[in-house]
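Structure assessment
Now for the letters of each chain:
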Amino acid sequence: MSHDNRVHVRKGDMVAIISGKNKGHKGRVLRVIPDKSRVVVEGANVVKKHQRRTPKVMQSGIIEKEAPLASANVMLFCSKCDRATRAGTRQLENGRSVRACKKCGEVIDR
Ligand SMILES: [Zn+2]
């Protein structure tokens, strides 16, 4: 497994958007694009796209799709603190190290 420090969130993380036109939006990370330091967040940065008819896609027309946004614009969202937060690392009793909210210690990794 490769680890990339350029993107501080992972697929499935709950994040809050902290700047740009989607500021304040919360959603799950659908996709991480480490090469471009970008993430796709559920319901954020939705753009209308023209869908061409292909053998796979039977219907053509305009679809709405989340476009990637800069990972620097998102922060992990802690449901316990109810705010955007930074993640620290916490060692569990079994030796596994997980990400946890720096403020309240709530474990982020499941
Ligand atoms: Zn917290």
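Look above for the structure.
Residues numbered from 1 in each chain as written. Predicted model: local features only at pLDDT ≥ 70, side-chain atom pairs only at ≥ 80, totals over all residues. Heavy atoms only, no water.

A few points about the pattern of salt bridges
- In total, this model carries 5 salt bridges according to the counting rule given.
- Aspartate 109 is the salt-bridge partner of arginine 10, the closest N and O atoms lying 3.7 Å from each other. Of this pair, arginine 10 sits in the segment before strand 1 (14-17) while aspartate 109 sits in the segment after strand 10 (97-101); the two residues are 99 residues apart in sequence, bridging distant segments of the chain.
- The buried category is assigned to aspartate 109, whose relative accessible area is 15%.
- For the salt bridge of arginine 99 with aspartate 109, the shortest nitrogen-to-oxygen distance reads 2.7 Å. With a gap of 10 residues between them, arginine 99 in strand 10 and aspartate 109 in the segment after strand 10 connect regions that are remote in the sequence. For the residue pair arginine 99 and aspartate 109, the accessibility class agrees, reading buried in each case.
- Several salt bridges converge on common partners, so that one network encompasses Arg10, Asp13, Arg99 and Asp109. (Salt bridge = Lys/Arg side-chain N within 4 Å of Asp/Glu carboxyl O. Helix = DSSP H or I, 4+ residues; strand = E, 2+ residues; numbered from the N terminus. Buried < 20%, exposed > 50% of the residue type's maximum accessible area, 1.4 Å probe, protein only.)

Comments concerning the nonpolar core
- Core analysis: the biggest nonpolar cluster contains 11 residues, these being Val7, Val9, Val15, Ile17, Val29, Val39, Val41, Ala44, Leu69, Val74 and Leu76.
- Counting only elements with at least two residues in this core, the list comes to strand 1, strand 3 (38-41) and strand 7 (74-78).
- Among all residues touching valine 74, those that are not within four sequence positions of it are His8, Val9, Val15, Ala16, Ile17, Ile18, Val39, Val41 and Leu69. (Core = buried A, V, L, I, M, F, W, Y, C linked by side-chain atoms within 4.5 Å. Contact = heavy atoms within 4.5 Å.)

Points about the coordination of the zinc ion
- Around the zinc ion, the protein contributes the donor atoms Cys78 (SG), Cys81 (SG), Cys101 (SG) and Cys104 (SG), which lie 2.2 to 2.3 Å from the metal centre.
- Considering all 4 donor atoms around the zinc ion, angles at the metal cover 106 to 112° and the coordination shape is tetrahedral.
- Positions of the donor residues of the zinc ion along the chain correspond to the pattern C-x2-C-x19-C-x2-C. (Donors = N, O, S within 2.8 Å, 3.2 Å for Na, K, Ca; no water. Tetrahedral: all angles 85-135°; square planar, octahedral: opposite > 155°, others 65-115°.)

Description of a positive patch on the surface
- Positive charge collects at one region of the surface, where Arg83, Arg86, Lys102 and Lys103 lie side by side.
- Looking at the secondary structure, you find lysine 103 in the segment after strand 10. (Patch = residues over 30% accessible without salt bridge, like charges linked within 9 Å, V, L, I, M, F, W, Y side chains within 5 Å. Areas by Shrake-Rupley, 256 points an atom, 1.4 Å probe, with all protein chains shown as cover. Lys, Arg positive; Asp, Glu negative; His and termini not counted. Charge placed at Lys NZ, Arg CZ, Asp CG, Glu CD.)

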